Structure formats: C-alpha cells, structure tokens
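# Notes for the structure review
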Amino acid sequence: MDINTEGELMEKIVTLCKRRGFIFQSSEIYGGFNGFWDYGPYGSMLKKAVEALWWNEMVETRNNVVGLDSTIICHPKTWKASGHVDRFGDIMCDCRDCKTRFRVDQMPDPTTCSNCGSKNLTPPREFNLMMKTYVGPVFDEEHIAYLRAESCQPIFLDFNLIRIATRQQLPFGIAQIGKAFRNEITPRMFTFRSREFTQMEMEFFCADEGSMDWWEYWRKERWNFYREKLGFREDEIRLHPHDKLAHYAKAAVDIEFQFPFGWGELEGIHHRGTWDMSQHQQFSEQDLTYWDQQNNKRFLPTVIETSVGLDRMILAIFTHAYREDKAPTQKEGMDEDVRIVLGFPARIAPVQVAVLPLSKKLNERAEALQQDLRRYYRTEFDVTGNIGKRYRRQDEIGTPFCVTVDFETENDNAVTVRERDSMAQERVSVTSLKSYLDNKIFGW
Ligand code: ATP
C-alpha cells in the first residue's frame, strides 16, 4: 500500500500519536483547545531527544555558537522595535455564507470561497497575531505585554551582555530553544500550525563583508543536518528561495519538507542585514555597534538567522518514519498482518532499547540488565503478552533494539538483540552488549 498517495497518512499519524501517547489535543476533557497540543510520555521523550540533537549540532559541537534561555515575556518595546506590534498580521477574509475564514495569501482564488464556492466574501482585513497579556496590578493599555511571537528577539537584546560575558568576537552565534505564541487564525494540519509552539533559532552575528558566505555556510549546514542526522531523503526536502525579499534582507531561503498534505516550510535561513540590531539600537537608545579591533572599524553586526519550529520538525520526523510493512502472522485465517513501524533514527527514538524477558521467571535477571542499560540509553521493560506482540508494540513506538533475556542467558551470559527495521536477531554476549549498542545507536 502506498500510504503517501492515499492522503490518509496524516490521519494515521494523528491516530497513532494519540493511541500511543505521543501527541494529543490539549484539554481534551473540555473538548480540546484549537491550536494547542500536549506531548505525552513518548512524545515528550522524542521532543527532548530532538531538542538535544539540535542543541548538540548547533551549540555543543561548535566554539563559535553559545546558548541562551531567555524569558517568554520581555519588555513590550521589543515588539515595537521588531515591527510585530504594528505589522505582524495575516490578511484574512471571511465567507459571508458559510462563515469560513481564510488567509488571503493561501486562497487558490481570492475572489471565491474554497469551502462553498460563494463569491460573497468580506474585504480582506488584517489580524495581528501577537498574544497579549498584562503585567502588573492594573489591566490597562500601559500594562500590556506580549507573549513572544518568535524566540529570536531576546537574542538581539542580550547580544552585548553575552558577547562581553563570553569574550566572543565576531563572527559568532547565539542559539535558543523556546516557546513562541501566535494567535494563528486558522491553526491546522495537526501541529504544523499551532498557537503555542517551540522554536529552535540561531542568530549568527558577523561583518557585512563576507556575510553572504556565512549565509551559504549555514544553508549547507542545515541541509546536511536533515540529510545526515535525521536521514531525510533527497526527495523529501527541497530549498525554496523567497521570491520577494524584505527591504533589509540580502537572501532568504526556506527548507521545505513534503508533509502528508504537501510541501510546507520547515526552516528558514535568512540574511537579515543589520535590521534587527539597528531597530533595537534606535528603540533602546543603546550603542549596539561592535568594535572590530583588527580592522579598526565600528559597525552594527549583520545577522544570519536559522529558524525552525520543533513541532514541525517532529511532524516531519513522523512523516518520514511512518511505515506499514506486511508481516507473516499465525493469526487464524490470515497469512499476513500489517506491521506499523516508526523508523526513527536510533539516536532520537523515545525508547532506544527495550528489555523483554521471555518468561516471568526471568524478570529479575532482565531487570538487572535494564538497570545497567538505562545508565546509557532510554529503556523500557515489557513483560506482558507473547514476544511477537511485544515486538509489535515496540515497532509502533520506533524502538530500534529489543533485547530478549531467555533461559539460555543463564548459561551463555548472552541475549538476543532484535533489530527493528530488518527484524534480524543476533546473539550478543552481555559483556559486549554496551559496545554493540553504542556502535549501532551513536556510531561509536
Ligand atoms: P508560515 O509562513 O508557515 O506561517 P513563517 O514564515 O511565519 O511560517 P517564521 O516566522 O519564519 O515562520 O518562523 C520560523 C519557523 O517557526 C517556521 O519555519 C516554522 O517551522 C515555525 N513556525 C512558525 N509558525 C508556526 C506555527 N504557527 N506553528 C508551528 N510552527 C511554526
């Protein structure tokens, strides 16, 4: 079955995510809350693992990128300076007949309702996407603050403090993972367009001279991340250069992914010129220029940005990973059965190693083994059901390795390791199990 062309893939992913506790609607007992999603036990493990992979890639393995964990609410002037208060909106129109609301730039024909075909539409109107709150004892205009609409703005505010504290010199980057909030008018496509989501952003500060080389560099780095670290195929991702550039930008490209509903933006790699720094310099009346001692020059840093939504990345990971295999079965009247597999890369799988004793009598031995393994890997212990069922349960959550403890283990001090994708089974001695798994999971 070609699940990709059937248009049902999204439904299958959403159903599996809920059934196995990856992702489900927020506040479901109250009927859910549109645009908000909770990550359950396996989902939160996956999310943390993907975050850790990105952080390792962008910060821990580089000397010229440092990290930040800033507040969600920052000084309201930030969003004046960034242009979000005045301009951050979508142009929307409503169908007067069926009451559906559309983003005008996403309508195939802006004069016709794509839901009911009516031409009776309201004129396009702008909706601001910033979420508002009040800070302080009085709920009035003066006390309005905003939940950040993107995680990168605090990076610009903290640039000087971080530069001085870390003694970094240009070029260098500041990375942050954090929540962002947008009052999206039409949240949809599962987590693709949410109202609360997590962004992983890096702002790279450099001199204008040579900045296009840095933009090229980051574009390649980010492309390689998807190909090499997440294993996305060449035909699943593509580069989409922006047709129209912001007046301050020299270059902008999106990495798009082929989601079940079609191509969609996953990550943007943008050359932002000195726009952000000059706006914050003007609004804060602080000097944000950089003194380049070597060349005896003072200038505002140019910024190259890489910006990706973690939730979209996870949806892409699910799309890439979801598979249905035909597997032989002993079920009565059936030769084959459908085996649902999430082919997650081992490094990010929520459970990396499942320990399965073949009989309850072996529980103690198996538990001791799990205790040992959980020091290095995310593990799970499963004793219920026959071994075939347990393998299936692990396949569905993407566990790359199942380690079975059987009655022979007592004699040969070895276990059977079953690999998710090939279903091949290998006898491995307990003493070499760690180096075996390290090699398979981390490539060490
Ligand atoms: P779109 O055109 O899809 O609305 P955008 O161009 O507004 O996206 P950016 O402001 O560049 O997006 O945000 C950077 C990244 O943050 C996006 O590439 C995407 O991965 C993620 N992102 C943006 N909006 C949302 C959202 N509502 N829900 C989930 N992720 C989002």
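Residues numbered from 1 in each chain as written. Predicted model: local features only at pLDDT ≥ 70, side-chain atom pairs only at ≥ 80, totals over all residues. Heavy atoms only, no water.

### Topic: the overall build of the protein
Helix and strand counts for the protein come out as 13 helices and 23 strands. For the protein, the C-alpha atoms occupy an extent of roughly 75 × 65 × 50 Å along the three principal directions. In the protein, buried positions account for 52% of the 444 residues. In the protein, the share of contacts with a sequence separation of at least 24, taken over all contacts with a separation of at least 6, comes to 63%. Working note: accessible area of the protein is about 22,000 Å², and carbon and sulfur atoms make up 49% of it. (Helix = DSSP H or I, 4+ residues; strand = E, 2+ residues; numbered from the N terminus. Buried < 20%, exposed > 50% of the residue type's maximum accessible area, 1.4 Å probe, protein only. Contact = heavy atoms within 4.5 Å. Areas by Shrake-Rupley, 256 points an atom, 1.4 Å probe, with all protein chains shown as cover.)

### Quick word on the environment of S27
Locating S27 in the fold gives a position in the loop between β1 (23-25) and β2 (37-39). S27 sits in the partly exposed class, given a relative accessible area of 33%. Among all residues touching S27, those that are not within four sequence positions of it are G32, F33 and D38.

### Considerations on the site of the ligand
Taken together, 16 residues are adjacent to the ligand, and E184, R193, E265, L266 and G309 come closest. A distance of 3.2 Å separates a nitrogen atom of the ligand from a polar backbone atom of F192. A distance of 2.9 Å separates a nitrogen atom of the ligand from a polar backbone atom of S194. Within the complex, the protein chains bury 84% of what would otherwise be the 600 Å² of accessible surface of the ligand. (Near = heavy atom within 4 Å. Polar contact = N/O pair within 3.5 Å; in protein donor to acceptor, adjacent residues only side chain to side chain.)

### Some points on the side chain of T404
With respect to the helices and strands, the residue T404 is situated in strand β21 (residues 401-405). A distance of 3.3 Å separates a polar atom in the side chain of T404 from a polar atom in the side chain of Y391. Contact partners of T404, with chain neighbours within four places excluded, come to L356, L358, I387, Y391, V415 and T416.

### Some thoughts on the nonpolar core
In this structure, Y226, M313 and F318 are the most contacted members of the largest nonpolar core, which totals 58 residues. Of all hydrophobic cores here, the second largest spans 18 residues; its members include L369, V405, Y436 and I441. (Core = buried A, V, L, I, M, F, W, Y, C linked by side-chain atoms within 4.5 Å.)

### Looking at the pattern of salt bridges
As enumerated under the stated definition, the model contains 34 salt bridges in all. We note a salt bridge from E267 to R222, for which the minimum N-O separation is 2.7 Å. Here E267, found in strand β13 (residues 262-271), pairs with R222, found in helix α7 (residues 211-229); they are 45 residues apart in sequence, far enough to count as distant. Like E267, the residue R222 is buried in the burial classification. A salt bridge links R339 to D325, with the shortest nitrogen-to-oxygen separation between them at 3.0 Å. Within this pair, whereas R339 is found in strand β18 (residues 336-342), its partner D325 is found in strand β17 (residues 322-328), the two being separated by 14 residues in sequence. Note on R339: relative accessible area 0%, which makes it buried. One salt-bridge network, in which partners are shared between bridges, spans R323, D325, R339, D395, R418, R420 and D421. (Salt bridge = Lys/Arg side-chain N within 4 Å of Asp/Glu carboxyl O.)

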